[in-house]
Amino acid sequence: KLSGAVTPMGGDVAAPMKMGRWSGFNGERGRRVRAPPSLFPRQAPPSSELGLQDDYDGTQDAFKDWTLHAHAVSTVNLPAVRASIESDDLRAAFDGAVSLLQSAGCYGIADRPLLTASQVPVSKFTHEQWTRFLEVGKIRPLGGQEIRSGVRGFAVPQPAKRRWRPVFETLYNPFFQQSLVPPLSYPSRVERRRCISGYTYRLELDHFAWFDQFPLLGVGSYHVVRSAMPIRWDNAEHELFCLERLPMGATQSCGVANTTTWALMEPIIRMDGVFVTSMVDNVIICSNEPDRFVEAVRLYLTRAQRCSADLNDIEVAGRKVPVPSDPDDILRLGAQLGSGPAAFLGEEYVGSRVRNQPRKVAKLMAAFARMRDACDDPRVVVTRRQLASFVGLCSWMANTLNVSLREHWDVLRLFSRVAQQVGSWDMQLPVTPRVLDVLTPLYTVLAANQPVVPHCPPLPSLVDDDYAAVAIVDASGTGYGAYVRFTDGRIFEVMGGWHGHLRHSAWAEPIGGLKIVEWLRGRLPRGARIAVVTDHGAMCHGQLRPGSATGGFSLAYHLNSFFRALYSFSPDAAVFYVEGPENIADAPSRAARLGSPQIVKEVFHMQF
């Protein structure tokens, strides 16, 4: 029973402590479970989610030869970083980030009782891994310090790099004051591709074990880890330790690391002719001007060296090379990476074009081959999770190649039906020939992996003359109507009736919009930018979003058909919303009669 239960933080509660969205209440018997697959994952699903690592049994014994990602690194000179900041806003954000390293006031547990050693969860590391942490200074014996909060540690496999990454989840995460975390913002994948591609010179810099370069100062009692076995160190045996470096798994870690990265790249952001962006520990610098490119790279290297921020070697054509400091070497390497192929955050750039990394394509092909085998051989087991993750992988890769899911409506429906099934995500799911037929067209496009020029939809304009045509559309149970204005000022009324009565606006409105788009096809060149104004919210909210290129499709067939017709004709189209009583197309839509043909007439002396 939960009455009288005690949390690892101390104190009475009415429920088990939540360890994340899909654990605690939502987990199985209060234990952590994997999150369900997403149709739009932020990262490509790992091989284990696709069933490609059946030999991995969840223990480290399966891959004993893998290395542990724990290294002896210097700490960032935080005062030097602060002294280099020019912007008052950035300096304030950096000060807030540094305070998270040396003050426990933001943890939200100041009024909670001390913990006993048995209340600290046991971390799952081997004896050799504990020793390695001590050798590199990641932890130290707790000694006689009090225990204010604990940390749950475990190792996460990284098959691509054949190593284990240690993760330390702090128990104060659920109570952390989120308002104190430095704000984070990153360009979307589409924005990043558009900005990076097309530059003559590109160089990616990656900080080495970036979180480990930030020291925890005076808050060791809030970061206590516990071993399941005694670890001998300094002629004594210990089971309790405290973290010395910023842990991966704490709420504030990304904010602290990324704010410091921004501080290092601050002057480069303001440089003309240079584009720079970051993602926590990754920085990419681009330019078409050789002098400006060399100046920007050397400036970042100088600032990083001055602040004792270590960098990784640069990967070029599958091999590691030291970060160059000579101007000629910087320019030569930048030109080589600019022409490509060069990988950045899972995508491969080839000149001004981009495609998925070959290892992503290999993963896709292996997963599809496994499902094809499952269709022919009942001994090959495919689960709900694996099939849904495969669709998620296709969605992630399709975004890279400008492939819209509105052209693959059957795949969207397949994911929906798999997600709606009752039962465990890890139960077996039959792979039928129909499933393969649905997936094959999208798989074929993605497996070809032809590089494309990145396309980022522009922001909508509120000026009518920025569109080749503006169409105000409405529909009723008997027909549709619209007023269309062209850039030459001419206005037309277009109306027509349905073959049968449509009782649902969810059908009538998108079909009416589709009819008007088809009418515009015969009067404007392909690619002309048009605007559609409607009082149907789904058409507006579901449209293609500028900046991220998400949206622009729907699981609803008629709405998806409207988006498919709209964006295949006008890739930069925009959809606007108007309240129903203010929609001037309401009258012609209601005047249309069942079975009436499409009627077009020019309108004069109309306030549009």
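Residues numbered from 1 in each chain as written. Predicted model: local features only at pLDDT ≥ 70, side-chain atom pairs only at ≥ 80, totals over all residues. Heavy atoms only, no water.

Q: Can you walk me through the overall build of the protein in this structure?
A: Within the protein, the regular secondary structure consists of 15 helices and 22 strands. With respect to the three principal axes, the spread of C-alpha positions in the protein is 95 × 65 × 50 Å. Evaluated residue by residue, the protein yields a buried proportion of 50% over its 608 residues. Considering only contacts in the protein between residues 6 or more positions apart, those separated by 24 or more positions represent 74%. As displayed, the protein offers around 28,500 Å² of accessible surface, 51% of which is attributable to carbon and sulfur atoms. For the protein, the separation between the mean place of its 65 positive charges and that of its 60 negative charges on side chains is 4 Å. (Helix = DSSP H or I, 4+ residues; strand = E, 2+ residues; numbered from the N terminus. Buried < 20%, exposed > 50% of the residue type's maximum accessible area, 1.4 Å probe, protein only. Contact = heavy atoms within 4.5 Å. Areas by Shrake-Rupley, 256 points an atom, 1.4 Å probe, with all protein chains shown as cover. Lys, Arg positive; Asp, Glu negative; His and termini not counted. Charge placed at Lys NZ, Arg CZ, Asp CG, Glu CD.)

Q: Honestly, the sheet that holds strand S6 (residues 163–170) in this entry has me stumped. Any pointers?
A: Strand-to-strand pairing in sheets goes through backbone hydrogen bonds, with the strands running parallel or antiparallel. The strand order across the open sheet built from three strands is S3-S6-S5, with neighbouring strands paired in mixed fashion. If you trace the sheet from one side to the other, it starts and ends with strand S3 (67–68) and strand S5 (151–158), each paired once. Taken together, the two bridges between S3 and S6 define a ladder with parallel strand orientation. For Thr 67, the partnering residue across the bridge sits in S6 and is Arg 163. (Pairing = 2+ DSSP bridges.)

Q: Looking at this structure, how should I read unusual backbone geometry?
A: Negative phi is the rule for most residues except glycine; trans is the rule for most peptide bonds. One non-glycine residue, Asp 234, lies in positive phi territory at about 55°. Among the secondary structure elements, Asp 234 is positioned in the loop between strand S8 (224–233) and strand S9 (236–243). Classification of Asp 234 by relative accessible area gives exposed; the value is 63%.

Q: Help me out: how do you make sense of the state of the cysteines in this one?
A: By the definition in use, this model includes zero disulfides. With no disulfide partner, Cys 106 has as its closest neighbouring cysteine sulfur the one in Cys 254, 15 Å distant. Residue classification places Cys 106 among the buried positions, given a relative accessible area of 4%. (Disulfide = S-S within 2.5 Å.)

Q: Is there a simple way to explain helix H3 (residues 127–136) in this structure?
A: One turn of the α-helix equals 3.6 residues, which is why residues spaced by three or four share an orientation. Buried within H3 we find Gln 129, Trp 130, Phe 133, Leu 134 and Val 136. Looking one or two residues past H3, Gly 137 carries a phi angle of roughly 80°, positive in sign.

Q: So what exactly am I meant to see when it comes to the nonpolar core here?
A: The tendency in soluble globular proteins is for nonpolar side chains to be buried side by side. Within the largest apolar cluster, 74 residues are counted, with the highest numbers of intra-cluster contacts made by Tyr 107, Phe 214, Ile 285 and Tyr 300. Broken down by element, this core gets its largest block of residues, seven residues, from helix H6 (residues 290–306). Each residue touching Tyr 300, except ones within four places of it in the same chain, is listed here: Leu 205, His 207, Thr 261, Leu 264, Met 265, Ile 268, Val 283, Ile 285 and Leu 311. (Core = buried A, V, L, I, M, F, W, Y, C linked by side-chain atoms within 4.5 Å.)

Q: Please explain the side chain of Ser 570 as it appears in this structure.
A: Here Ser 570 lies in the loop between helix H14 (557–569) and strand S21 (574–577). For Ser 570, a relative accessible area of 0% puts it in the buried group. When sequence neighbours within four positions are dropped, the list of residues in contact with Ser 570 reads Ala 528, Arg 529 and Ile 530.

Q: Please clarify how H14 should be interpreted in this entry.
A: The terminal C-alpha atoms of H14, which comprises 13 residues, lie 18 Å apart, in line with the 18 Å expected from a rise of 1.5 Å per residue. Within H14, burial applies to Leu 559, Asn 560, Ser 561, Phe 562, Phe 563, Ala 565, Leu 566, Tyr 567 and Phe 569. As for H14, its buried residues are in contact with helix H10 (409–420), helix H12 (505–521), strand S20 (530–534), helix H13 (537–541) and S21. (Expected span 1.5 Å × (residues − 1).)

Q: Would you explain the pattern of salt bridges in this entry?
A: A side chain with one charge may pair with a side chain of the opposite charge, provided their charged atoms come close. Applying the stated criterion across every chain, the model contains 22 salt bridges. Overlapping salt bridges, with partners in common, bring together Arg 189, Arg 192, Arg 193 and Glu 347 in one network. (Salt bridge = Lys/Arg side-chain N within 4 Å of Asp/Glu carboxyl O.)

Q: Just checking my understanding: could you explain the pairing of S8 for this structure?
A: Two faces belong to every sheet, and in a regular strand the side chains alternate between them. Across six bridges, S8 lies against S9 in antiparallel orientation. Along S9, the bridge assignment pairs Ile 231 with His 238. Count of turn residues in the S8/S9 antiparallel hairpin: two residues, of which Asp 234 carries a positive phi of about 55°.

Nothing here speaks to function; it is all geometry.
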